[in-house]
Amino acid sequence: MKIEKLTENKIRFILNLKDLEENNIDYHSFMANSIETQDIFLDMLDKAEKEIGFSTKNYKLMLEVIATSDGNFILTVTRLSPEVEKNNTKKVKIKRKLNNPIKPLAIYKFDSFDCFCDFCTYLKTSPLKNLIPKLKKSKLYKYKNCYYLVLQNISFSLENLKSLHIMITEFAFFENNTDLFERKLIEYGKTIIKNDAISTCSKYFASK
């Protein structure tokens, strides 16, 4: 685990897949706010205080959680100043935000429809084929002669997320700024498969 001090009131924890496995957590268990994950988080804060002098005693905290495509798990902790607390009449609670390239929204660019079909063919014969039924919230758009797979509401383990991302990027390119790009696809793109795109392609277009 790596600890970075971003500002006087903000730090960042970076955990890799091994760190998560050693603590038996993923972003879903962390978001569930269980007693176990609370204990782990408090241990992390204690370590931050010892290593970089970041004390959270008597402070309200805001927490941002990000799971990245390369398997890292990033927690950004912001210590709210007393002035912010005085001006806020509502009780400030720890907030958790998930921003992951493959969860809950991810967009991949395929150079052609054949490339998308090749991916679907490969996926349905791969060890990850059991994930296909869980990818119902998927759409396929055509925009500027390329095809874009939009994946929504994905809820896999971090290991499966990473494996799926690696597999897709063998056939396609990951698009950054997914929220903005999705709106562009909705406004300017052409919907090719409006729902369950991977399963539909696997059934009707992918090679046997």
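Residues numbered from 1 in each chain as written. Predicted model: local features only at pLDDT ≥ 70, side-chain atom pairs only at ≥ 80, totals over all residues. Heavy atoms only, no water.

Asks: I'd like to hear about helix α5 (residues 113-124), residue by residue, with values.
Replies: End to end, α5 covers 17 Å across 12 residues, agreeing with the expected 16 Å (1.5 Å per residue, within 8%). Considered for burial, the residues of α5 that qualify are Phe116, Cys117, Phe119, Cys120, Thr121 and Leu123. (Helix = DSSP H or I, 4+ residues; strand = E, 2+ residues; numbered from the N terminus. Expected span 1.5 Å × (residues − 1). Buried < 20%, exposed > 50% of the residue type's maximum accessible area, 1.4 Å probe, protein only.)

Asks: Residue-level account of the pattern of salt bridges, with values.
Replies: Evaluated as defined, the whole model comprises five salt bridges. We note a salt bridge from Glu51 to Lys47, for which the minimum N-O separation is 3.9 Å. Placement of the pair is Glu51 and Lys47 together in helix α3 (residues 35-52), with a separation of four residues, close to one helical turn. Looking at Glu51, the relative accessible area reads 52%, which means it is exposed. A salt bridge links Asp196 to Lys136; the nearest nitrogen and oxygen atoms lie 3.8 Å apart. In this pair, Asp196 is assigned in the loop between β9 (190-193) and α8 (197-204) and Lys136 in the loop between α5 and β6 (138-143), connecting sequence segments 60 residues apart. By relative accessible area, Lys136 is classed as partly exposed at 46%. Where salt bridges share partners, they join Lys2, Glu4 and Arg12 into one cluster. (Salt bridge = Lys/Arg side-chain N within 4 Å of Asp/Glu carboxyl O.)

Asks: Give a description of helix α7 (residues 178-188) that names residues and reports values.
Replies: Taken residue by residue, α7 has Thr178, Phe181, Glu182 and Leu185 as its buried positions. Buried residues in α7, looked at end-on, bunch into an arc of 105 degrees, giving them a common side. Relative to its buried face, α7 has exposed residues pointing more than 90 degrees away, namely Leu180, Arg183, Glu187 and Tyr188. For α7, the elements touching its buried residues are β5 (105-110), β6, β7 (146-152) and β8 (173-174). (Arc of directions from axis to C-beta. Contact = heavy atoms within 4.5 Å.)

Asks: Summarise the nonpolar core; cite the residues concerned and give the values.
Replies: Membership of the largest hydrophobic core comes to 27 residues, with the highest contact counts inside it found for Phe110, Phe116, Phe119, Leu123, Leu149 and Ile198. Broken down by secondary-structure element, the contributors of at least two residues to this core are β5, α5, β7, α6 (158-168) and α8. Ranked by residues supplied to this core, first place goes to α5 with five residues. With near-sequence residues (within four places) excluded, Phe110 lies in contact with Cys115, Phe116, Phe119, Cys146, Tyr147, Leu149, Ile168, Phe171 and Ala172. (Core = buried A, V, L, I, M, F, W, Y, C linked by side-chain atoms within 4.5 Å.)

Asks: Kindly report on the state of the cysteines, identifying the contributing residues and their values.
Replies: Within the structure shown, the criterion is met by zero disulfides. For Cys120, which is in no disulfide, the shortest distance to another cysteine sulfur is to Cys201 and amounts to 3.6 Å. Considering cysteine sulfurs only, Cys115 is the nearest to Cys146, which forms no disulfide, with 9.3 Å between them. In this structure Cys146 comes out as buried when scored by relative accessible area, which is 14%. (Disulfide = S-S within 2.5 Å.)

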